[in-house]
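Chain and residue survey
Letter by letter, the chains look like this.
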Amino acid sequence: MPTMTIDDDCGRHNRFLRALRRQRVDTTPVWVMRQAGRYLPEYRATRQRAGSFMNLCRSPELACEVTLQPVERFELDAAILFSDILTIPDAMGLGLGFVEGEGPRFARPLRTLDAITRLAVPDPEMELRYVPDAVRLIRRELRGRVPLIGFAGSPWTLACYMVEGGPSEGFARIKKLMWDHPEALHHLLGVLTQAVRAYLEAQVRAGAQAIMLFDSWGGVLAPGDYREFSLANLCRLAQGIDRGPEQVPLIVFSRGANGHLEALSQSGADALGIDWTQDLGEARARTDGRVALQGNLDPAAMYASPASLRQQVDLVLRSYGDGPGHVFNLGHGITPDVDPEQMRVLVDAVHQLGRPRDTLA
Ligand code: CP3
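The sections below set out a description of the structure shown in this document. (Residues numbered from 1 in each chain as written. Predicted model: local features only at pLDDT ≥ 70, side-chain atom pairs only at ≥ 80, totals over all residues. Heavy atoms only, no water.)

A few words on the nonpolar core. Phe16, Met162, Leu185, Leu188, Met343 and Leu346 are the most contacted members of the largest nonpolar core, which has 130 residues in total. Ranked by residues supplied to this core, first place goes to helix α10 (residues 182-206) with twelve residues. Sequence-distant contacts of methionine 343, that is, excluding residues within four places in its chain, are made with Val32, Gln35, Tyr39, Phe74, Leu76, Met302 and Ile334. (Core = buried A, V, L, I, M, F, W, Y, C linked by side-chain atoms within 4.5 Å. Buried < 20%, exposed > 50% of the residue type's maximum accessible area, 1.4 Å probe, protein only. Helix = DSSP H or I, 4+ residues; strand = E, 2+ residues; numbered from the N terminus. Contact = heavy atoms within 4.5 Å.)

What follows is the structure in structure tokens.
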């Protein structure tokens, strides 16, 4: 039987999934959080046609179109479903809207204990049907070029938005609930854990090839509160989600929770998203090869000159070091006023500088 070289089984179509499984790759795969977004003129055009951000999310055709835009323009190694983490609370009846320049806002935030007890788990094939429909359409249109990532918000992060009503500075409302009525918050988090589980399982059945949990506000909690109100449900999900016959990999991104990397690496996740305040090499040592790592260039590096950006890419690659298990990404989402050409500089730099040393010419 002929021996298979690394190049036979590698390339844009599968280096991302191989890296998540900590298998050897021809070069480091890269995708970028918010890669489909306002920094792309073609995104702004489609969004204008849709009329609103939620119309864009609710139309499988338009969601598919914007999901593919960055993958067609750049040599990215993965596509991410175009949607939002707040579709679940919207389907629970909170009425999601987006105020220009201010971000998400709920018409009916959770302001009473009674409102919390009345919440029900939405059926992802009914109220959220547009999401698995979009996943199916995107898989068809991608034609195997790159894998598709599905995602959801973590129960804690969704609860933050639902109780605060929108973006928050101090998280006073949710923390008051946490300390004054912990049983009510646990009830809310329990309902959300079931909802997230059903939602991600529907995405996997529809064809998502990896899934990611965004715990964007995990880092605002003191250590004991983090373990009780954020980490516990991340672990439940990591261990409880039916990931299908292919056992699609799960990435957990608990932003700002760098003090908990050891625990997160034992949660059942296959990979951890890492923000830019954490050294990747140190994260790798602390997680002891149990998980792949995804990250972690400072998103502001996208404003530096192409030469400086390349240098910063090189530093991130070197901080991870040799060996498999690294998926390159920014440490948080790409910002709307970045020059799209910088994305090409980033992707090319990762692919050129991210080759394993033994294959460098
Ligand atoms: O390309 C991708 O990464 C996929 C699409 C995606 C969006 N939101 C599209 C979006 C993903 C994965 C998300 C996740 C999301 N949404 C998170 C977790 C990641 C993070 O940023 O920590 C959070 C907290 C949200 C909630 C949310 N949605 C906020 C706070 C905002 C406003 C921020 C902003 O940039 O205006 C959104 C809106 C949103 N979600 C936009 C996009 C492209 C901008 C909407 C627009 O077109 O005006």
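In the vicinity of the ligand lie 22 residues, with Arg34, Arg38, Tyr43, Arg47 and Ser216 positioned nearest. Between arginine 38 and the ligand, the recorded distance is 2.2 Å, taken from a side-chain N or O atom to an oxygen atom. Within the contact set of the ligand, an oxygen atom lies 2.5 Å away from a side-chain nitrogen or oxygen of serine 216. Contact with the protein chains removes 89% of the 870 Å² of surface that the ligand exposes when unbound. Counting only elements with at least two residues in the shell around the ligand, the list comes to α2 (41-50) and β3 (103-106). Along the lines of polarity and charge, the residues of the shell around the ligand split into 13 nonpolar, five polar and four charged. (Near = heavy atom within 4 Å. Polar contact = N/O pair within 3.5 Å; in protein donor to acceptor, adjacent residues only side chain to side chain. Areas by Shrake-Rupley, 256 points an atom, 1.4 Å probe, with all protein chains shown as cover. Nonpolar A, V, L, I, M, F, W, Y, C, P; charged D, E, K, R; others polar.)

Where helix α13 (residues 280-287) meets helix α14 (residues 306-320), the axes come as close as 6 Å, and the angle between the chain directions of the two elements is 20°. As the angle between them shows, α13 and α14 are arranged roughly parallel. Crossing geometry of α13 relative to α14 is assigned as right-handed. Where α13 abuts α14, its residues Leu280, Gly281 and Arg284 lie against Val316, Ser319 and Tyr320. (Axes fitted to C-alpha atoms, helices over the stretch in contact; angles between N-to-C directions. Parallel < 35°, antiparallel > 145°, perpendicular 65-115°, else oblique. Left-handed = near helix turned anticlockwise from the far one by under 90°.)

With 14 residues, helix α15 (residues 340-353) should reach 20 Å at 1.5 Å per residue; the first-to-last C-alpha distance of 20 Å fits that figure. For α15, the full list of buried residues reads Pro340, Gln342, Met343, Val345, Leu346, Val347, Ala349, Val350 and His351. Along its buried surface, α15 packs onto α1 (15-20), α2, α4 (60-73), β8 (292-297), α14 and β9 (326-330). Between a side-chain oxygen at the N-terminus of α15 and the backbone nitrogen of glutamate 341 the separation is 2.9 Å; the capping residue is aspartate 339. (Expected span 1.5 Å × (residues − 1).)

The subject of this paragraph is unusual backbone geometry. Each neighbour pair has its own omega, and for glycine 295 with asparagine 296 the value is -5°, a cis peptide bond. With respect to the helices and strands, the residue asparagine 296 is situated in strand β8. Even without a glycine there, the phi angle at arginine 34 is positive, about 65°. You can call arginine 34 exposed: its relative accessible area is 56%. The backbone phi angle of glutamine 247 is positive, close to 50°, even though this residue is not glycine. Tracing the backbone shows glutamine 247 in the loop between α11 (223-240) and β6 (250-254).

Hydrogen bonds between backbone atoms are what pair the strands of a sheet, whose relative direction is either parallel or antiparallel. In space, the seven strands of this open sheet follow the order β1-β4-β5-β6-β7-β8-β9, with parallel pairing throughout. Whereas interior strands pair on both sides, the edge strands pair on one side only; in this sheet they are β1 (79-80) and β9. The sheet contact formed by β1 and strand β4 (residues 148-153) spans two bridges and is parallel. Bridging from a neighbouring strand, alanine 79 pairs with leucine 148 of β4. (Pairing = 2+ DSSP bridges.)

Quick look at the packing of aromatic side chains now. Enumeration according to the criterion identifies six aromatic pairs in this entry. A ring pair is formed by phenylalanine 53 and phenylalanine 98, whose centres lie 4.6 Å apart and whose planes are at 70°; its orientation type is edge-to-face. Of this pair, phenylalanine 53 sits in helix α3 (residues 53-58) while phenylalanine 98 sits in strand β2 (residues 96-99); the two residues are 45 residues apart in sequence, bridging distant segments of the chain. Joined through ring pairs, the aromatic side chains of Tyr43, Phe53, Phe82 and Phe98 make up one cluster. Above the face of the tryptophan 217 ring, arginine 255 is positioned so that its terminal group lies 4.9 Å from the ring centre. (Phe/Tyr/Trp six-rings, centres within 6.5 Å; stacked < 30°, edge-to-face > 60°. Lys NZ or Arg CZ within 6 Å of the ring centre and 35° of its normal.)

What follows covers the pairing of β8. Regular strands show a simple pattern: their side chains alternate between the two faces of the sheet. Within β8, six of the six residues are buried, which leaves the element mostly enclosed by the surrounding structure. Sheet analysis places strand β7 (residues 271-273) next to β8, joined by three bridges and oriented parallel. Residue glycine 273 lies in a different strand from β8, and its bridge partner there is glutamine 294. Following the chain from β7 across α13 to the adjacent parallel β8, one finds a crossover that is right-handed. In this view, the connection linking β8 to its parallel neighbour β9 by way of α14 has right-handed handedness. (Right-handed = clockwise from strand over helix to strand, strands pointing away.)

A word on the side chain of glutamine 35. In this fold, glutamine 35 is placed in the loop between α1 and α2. Beyond its immediate stretch of four places on either side in the chain, glutamine 35 contacts Leu40, Pro70, Val71, Leu76, Ala78, Ala79, Ile80, Ile334 and Met343.

Here we take up α14. Along its 15 residues, α14 runs 21 Å from first to last C-alpha, staying within 8% of the 21 Å computed at 1.5 Å per residue. Regarding α14, the residues found buried are Leu309, Val313, Val316, Leu317, Ser319 and Tyr320. Seen along its axis, α14 keeps its buried residues to an arc of 165°; they face one direction. What points out from α14, more than 90 degrees from its buried face, is the exposed set Ala307 and Arg318. Buried residues along α14 sit in contact with α13, β8, β9 and α15. (Arc of directions from axis to C-beta.)

In short, shape yes, function no, at least from these values alone.
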